[in-house]
Amino acid sequence: MAQFELILPKMGESVAEATVTNWLKNVGDVIDAEESVVEVATDKVDSEVPSPVSGTLVKILVDVNGVAEVGSPIAIIEIEGEDSGSTIAASTPESIPEPAVAAAEIEVQVAAAAATVSAPSPSAPISKNSNGRFYSPLVRSMAKEEGISQSELDQIQGSGKEGRVTKKDIISYLEDGRQAKADNAPAASAAPTAAAAVPAAPASTPTPKTSAPAINVGSGDEIIEMDRMRKLIADHMVNSVQTSPHVTSFVEADMTKVVLWRNRVKGEFQKKHGEKITFTPIIMEAIVKAIQDFPMINVSIDGTNIIKHGNINVGMAAALPSGNLIVPVVKNADQLSLLGITKAVNDLANRARNNQLKPDEISGGTYTLTNVGTFGNVMGTPIINQPQVAIMAAGAIVKKPAVIETPEGDMIAVRHKMFLSHSYDHRVVDGALGGMFVKRVAEYLESWDLDREI
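In this report, we go over the structure that sits alongside the text. (Residues numbered from 1 in each chain as written. Predicted model: local features only at pLDDT ≥ 70, side-chain atom pairs only at ≥ 80, totals over all residues. Heavy atoms only, no water.)

### Observations concerning the packing of helix α9 (residues 279–293) against helix α10 (residues 338–353)
Piece 1. It is at 9 Å that the axes of α9 and α10 come closest, and there the two elements cross at 125°. Between α9 and α10, the interaxial angle falls into the category oblique. For the pair α9 and α10, the crossing hand works out as right-handed. Of the residues in α10, those touching α9 at T280, P281, I282, M284 and E285 are L338, I341, T342 and V345. (Axes fitted to C-alpha atoms, helices over the stretch in contact; angles between N-to-C directions. Helix = DSSP H or I, 4+ residues; strand = E, 2+ residues; numbered from the N terminus. Parallel < 35°, antiparallel > 145°, perpendicular 65-115°, else oblique. Left-handed = near helix turned anticlockwise from the far one by under 90°. Contact = heavy atoms within 4.5 Å.)

Pasting the structure below:
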């Protein structure tokens, strides 16, 4: 019998590690090729890892709640073979990236670092295990990026399992003022006196950290612990507001032509293509056209650099049965027809509801659309999906009286109206660009061709 190492595969863009949440097989169980063995979770999505070979699970290398690096073995499977006792390593992804911080996390670090005294990068590397604690690739990467030495990292109080330092611990440490904490740490007493005497620049004064007010829990109150996804969403939303100065512009679009066209063709469209056509792909197509007109909406910020994306990848916020939110991405939406966008939207929405999305399908977005009209809301002020710089909310389409200009004069008629809310990052998107963009989306919708072929 030969032994086969089950490797944690690449889990998506900028993902360097994953947490084991559940083993689907026990030691001694027989496994078929392509059968799922373990469930893992990243900060982006939950996934199952299948076995590429048939055999018997003989050893689990990473326990539940343990963290594994991409490309590292997580289990040993015994397979039929002549070389008894030999170990065959599974083929790893072609390129295993160095542990990296996701772009959204980089944005948070930039904001936090701006409020702290800068420190030179340590010459010594950060150890994976030190002071009796394990440091994940993400934590080590953040420490290296922020110039946190090994001894300084060992002094940070961890809130994770077994006292591990987490991303939030690093960010909190930076926001609270690393120099003050370092001066009070035992290891800091050995530092040269001259170094401690260097005054901090006035512009680098850390922003006071606000604490949540105390909550009185009554006898009839119920305490519900957030699930893992809700915690991630909460962190992502807070980080976005702290990172980007949000501005929202509103436009009311006349959707009458779109509504009339869709009502006329939706039955034939489904019969011909096997797909239901909703308003979401129609609005997404208008957004793609507007991005082509205003490409500086399709950007991200990396420090003081603006990254102008070559691809137009539109995320679509989707509500899950659990009440949580996920944002699958329609990749290269500018290269798709309306039918292609419709198929992509329907497919992603269906698989999102059934928790069948792949990690790559919820990463790489460059702009996001959220349809708050699905819940009967007329408008909303959406929060930017970092590291993007803009997001649009489409409200409910409602009938209302409106003034119509005709060659014979103005008249009042019943029209189908919809509010578009465009939130954008005021660091790089000014009011003129943000306002013109949402107006252009409305213009594309209002000029819809009633005779458009399906």
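Don't stop here, the text continues.
### Topic: the side chain of S423
Piece 1. Here S423 lies in strand β22 (residues 409–425).
Piece 2. A polar contact of 2.8 Å, which involves the side chain of S423, links it to the backbone oxygen of P382. (Polar contact = N/O pair within 3.5 Å; in protein donor to acceptor, adjacent residues only side chain to side chain.)

### Section: the environment of V329
Piece 1. You can see V329 is positioned in strand β18 (residues 329–330).
Piece 2. Residue class for V329 comes out buried when judged on its relative accessible area of 6%.
Piece 3. Once the C-alpha coordinates of V329 and D360 are considered, the two residues, 31 residues apart in sequence, prove to be 8.7 Å apart.
Piece 4. Discounting chain neighbours no more than four positions away, the residues touching V329 are N313, V314, G315, L348, E361, I362, S363 and G365. (Buried < 20%, exposed > 50% of the residue type's maximum accessible area, 1.4 Å probe, protein only.)

### Overview of the packing of aromatic side chains
Piece 1. Taken as a whole and judged by the stated rule, the model has two aromatic pairs.
Piece 2. Plain terms: the ring middles of Y367 and F437 are 5.5 Å apart, the flat faces sit at 50° to each other, and that makes the pair tilted. Note that Y367 is positioned in strand β19 (residues 367–371) and F437 in helix α11 (residues 431–446), a separation of 70 residues in sequence.
Piece 3. Sitting over the ring of F279, R262 keeps its end group 4.7 Å from the ring centre. (Phe/Tyr/Trp six-rings, centres within 6.5 Å; stacked < 30°, edge-to-face > 60°. Lys NZ or Arg CZ within 6 Å of the ring centre and 35° of its normal.)

### Here we look at the pairing of strand β14 (residues 305–308)
Successive residues of a regular strand alternate their side chains across the two faces of the sheet.
Piece 1. Examined bridge by bridge, strand β13 (residues 299–302) and β14 share four bridges and lie antiparallel to one another. When the sheet's bridge partners are listed, I301 is paired in β14 with I306.
Piece 2. The hairpin formed by β13 and β14 contains two residues between the paired strands, and G303 there has a positive phi angle of roughly 65°. (Pairing = 2+ DSSP bridges.)

### Considering unusual backbone geometry
Piece 1. In this chain, Q386 is followed by P387 through a cis amide linkage whose omega measures 10°.
Piece 2. Its place among the elements puts P387 in the loop between β19 and β20 (390–394).
Piece 3. In the Ramachandran plot, N332 falls in the positive-phi region, its phi being about 50° despite a non-glycine side chain.
Piece 4. Checked against the element boundaries, N332 lands in the loop between β18 and α10.
Piece 5. Residue N332 is classed as partly exposed on the basis of its relative accessible area, which comes to 26%.
Piece 6. Look at N355: it is not a glycine, yet its phi comes out positive at around 55°.

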